[in-house]
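Geometric and topological summary
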Amino acid sequence: MKIAIGNDHGAVELKNHVLHWLEDNGYEVLNVGTDSTESTDYPIYAERVAKAVLSGDCDKGILICGTGIGISISANKIHGVRCALCSEPVSASLARRHNDANIVAMGARTIGPVMAEEIVRTFLTTGFEGGRHAIRVGKIMQLDRGERLEE
Ligand code: RB5
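The sections below set out a description of the structure shown in this document. (Residues numbered from 1 in each chain as written. Predicted model: local features only at pLDDT ≥ 70, side-chain atom pairs only at ≥ 80, totals over all residues. Heavy atoms only, no water.)

**A closer look at the pairing of strand E5 (residues 103–107)**
Burial of E5 is extensive: five of the five residues sit out of reach of the surface. What you see with E5 is no split at all: Ile103, Ala105 and Gly107 on one side and Val104 and Met106 on the other are buried throughout. Note that strand E4 (residues 83–85) and E5 share three bridges and pair parallel. When the bridges of E5 are listed, Leu85 appears paired with Ala105. At this point the chain moves from E4, through helix H4 (residues 89–97), to the parallel E5, and the crossover so formed is right-handed. (Buried < 20%, exposed > 50% of the residue type's maximum accessible area, 1.4 Å probe, protein only. Helix = DSSP H or I, 4+ residues; strand = E, 2+ residues; numbered from the N terminus. Pairing = 2+ DSSP bridges. Right-handed = clockwise from strand over helix to strand, strands pointing away.)

**Thoughts on helix H2 (residues 42–54)**
For H2, which comprises 13 residues, the first-to-last C-alpha distance of 18 Å matches the rise-based estimate of 18 Å (1.5 Å per residue) to within 8%. Tucked into the core, H2 has its buried residues touching strand E1 (2–7), strand E2 (28–31), strand E3 (60–65), helix H3 (69–75) and E5. Among the residues trailing H2, Gly56 stands out with phi positive, at a value near 90°. (Expected span 1.5 Å × (residues − 1). Contact = heavy atoms within 4.5 Å.)

**Some details on the nonpolar core**
Counting 25 residues, the largest nonpolar core has Val18, Leu22, Ile62, Met106 and Val120 as the members making the most contacts within it. If you list the elements that add at least two residues to this core, you get E1, helix H1 (12–24), E3, H4, E5 and helix H5 (113–125). Setting aside residues no more than four positions away along its own chain, Leu22 makes contact with Ile3, Tyr27, Val29, Ile62, Val120 and Leu124. Listed in part, the 17 residues of the second largest apolar core include Val32, Tyr45, Ala50 and Ala75. (Core = buried A, V, L, I, M, F, W, Y, C linked by side-chain atoms within 4.5 Å.)

**Side note on the sheet that holds E4**
Taken in spatial order, the five strands of this open sheet run E2-E1-E3-E5-E4, and their pairing is parallel. The strands lining the two open edges of the sheet, one partner per strand, are E2 and E4. In this sheet, neighbouring strand axes are inclined to one another by 25° on average, regardless of whether the strands run parallel or antiparallel. Sheet strands in contact with H1 are E1, E2, E3 and E5, and its direction is about 170° off that of E1. Strand contacts of H2: E1, E2, E3 and E5, with the helix running at about 170° to E3, the strand carrying the most contacts. (Axes fitted to C-alpha atoms, helices over the stretch in contact; angles between N-to-C directions.)

**Focus: the packing of H4 against H5**
Where H4 contacts H5, the two axes come as close as 8 Å, and the packing angle between them is 20°. With respect to their mutual orientation, H4 and H5 come out roughly parallel. Read as a crossing pair, H4 and H5 show a hand that is right-handed. The segment H4 lies against H5, with Pro89, Ala92, Ser93 and Arg96 engaging Met115, Glu118, Ile119, Thr122 and Phe123. Class assignment of the residues belonging to the contact of H4 with H5 gives a composition of five nonpolar, two polar and two charged. (Parallel < 35°, antiparallel > 145°, perpendicular 65-115°, else oblique. Left-handed = near helix turned anticlockwise from the far one by under 90°. Nonpolar A, V, L, I, M, F, W, Y, C, P; charged D, E, K, R; others polar.)

**Comments concerning the site of the ligand**
Taken together, Asp8, His9, Tyr42, Cys65, Gly66, Thr67, Gly70 and Arg109 make up all the residues around the ligand. The contact in question runs from an oxygen atom of the ligand to an N or O atom on the backbone of Thr67, over 3.0 Å. Relative to its free-state accessible area of 290 Å², the ligand is covered by the protein chains to the extent of 73%. Within the shell around the ligand, the residues separate by chemical class into two nonpolar, four polar and two charged. (Near = heavy atom within 4 Å. Polar contact = N/O pair within 3.5 Å; in protein donor to acceptor, adjacent residues only side chain to side chain. Areas by Shrake-Rupley, 256 points an atom, 1.4 Å probe, with all protein chains shown as cover.)

**Concerning H4**
Three- or four-residue spacings in an α-helix give side chains the same orientation, since the helix completes a turn every 3.6 residues. Of the positions making up H4, those classed as buried are Ala92, Ser93, Ala95 and Arg96. Around the axis of H4, the buried residues are gathered within 160° of arc, so they sit on the same side. Buried positions along H4 lie against E3, E4 and H5. For H4, the N-terminal capping position is held by Glu88, with its side-chain oxygen 2.9 Å away from the main-chain nitrogen of Val90. (Arc of directions from axis to C-beta.)

This is the structure we're talking about:
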């Protein structure tokens, strides 16, 4: 499985921790984040990870900024992205099982390295349940296309 990872200047250390964890666990990694602590703008990295996932080059994406908020909001502006901001593994599991999220976002200022590992492990090993959740995800994608929803 190939994973795209992106981050801003506030998340270089946690990105490197997660990147090494991914490689140690047999994942192929595409690092499109910054490796510098010089100030930069998180939407750039959200777009890069989204493009890597939506093009099919990568199977899933990981985004990290200071809080995970700006980078997840940015990613969710891109057609086809379902990015879930997670601070613990229960949400990461449900983001896959119920929302079929294709990108997980985390905050380097809000969680530590061990929590990040558990979130990423859970996100990458949990499948989508389909069924009634597929209907709801279909409606999310209708909104994504600017379509109106019927009740
Ligand atoms: C950068 O200073 C910070 O705003 C960013 O990493 C993130 O927390 C934004 O949501």
